[in-house]
Amino acid sequence: MVPRRPNSDRWSTLSARVTVVFACESKVHNSSRAADAVGKVLPNAHTVVLTGCSHHMLPMLSAGELGAVLLSARH
């Protein structure tokens, strides 16, 4: 079950730091357009688009790059 996306006005109440990672070659969504949409509702979010991988390949092919992004999100 996929939860409904919150209304755009709810995002402004989010106080947590947010990192969003997209796979550039995703067949599910247009990564650059999705990253732009995140920037509009969460202007302080750290958004990363990893090149050369799809969302299925992301954990395997980009493990080093993904790991660095995730570790940097903790600080």
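Everything numeric in this text was worked out from a predicted model, so none of it was measured. Residue numbers run consecutively from 1 along every chain, following the written order of its sequence. Predicted model: local features are reported for residues with pLDDT of at least 70 only, side-chain atom pairs are reported and counted for 80 or more only, and whole-chain, interface and lining totals are derived from all residues. Side-chain calculation: all heavy atoms of the structure are included, whereas hydrogens and water are not.

Student: How would you summarise the overall build of the protein chain if you had to cite specific residues and measurements?
Tutor: Numbered from the N terminus, helices here are DSSP runs of H or I no shorter than four residues, and strands are runs of E no shorter than two. Secondary structure summary: the protein chain contains 4 helices and 2 strands in total. Its helices and strands in sequence order give the protein chain the pattern α-β-α-β-α-α, from N to C terminus. Each residue gets one of three labels from its accessible area relative to the maximum for its type: buried under 20%, exposed over 50%, partly exposed in between, using a 1.4 Å probe on protein chains only. Expressed as a percentage of the 75 residues in the protein chain, the buried residues total 24%. In what follows, a contact means two residues having at least one pair of non-hydrogen atoms within 4.5 Å. Of the contacts made within the protein chain by residues no fewer than 6 positions apart, 64% connect residues no fewer than 24 positions apart. Only carbon and sulfur atoms are counted for the fraction: they give 57% of the accessible area of the protein chain, which is about 5900 Å². All accessible-area figures derive from a Shrake-Rupley calculation using a 1.4 Å probe, and residue coverage is judged against the displayed protein chains alone.

Student: Kindly report on the side chain of serine 26, identifying the contributing residues and their values.
Tutor: With respect to the helices, strands and loops of the structure, serine 26 is situated in the loop between strand 1 (19-23) and helix 2 (31-41). Take serine 26: its relative accessible area is 12%, and that puts it in the buried class. Once residues lying within four places of it in the same chain are set aside, the contact partners of serine 26 are Ser31, Cys53, Ser54 and His55.

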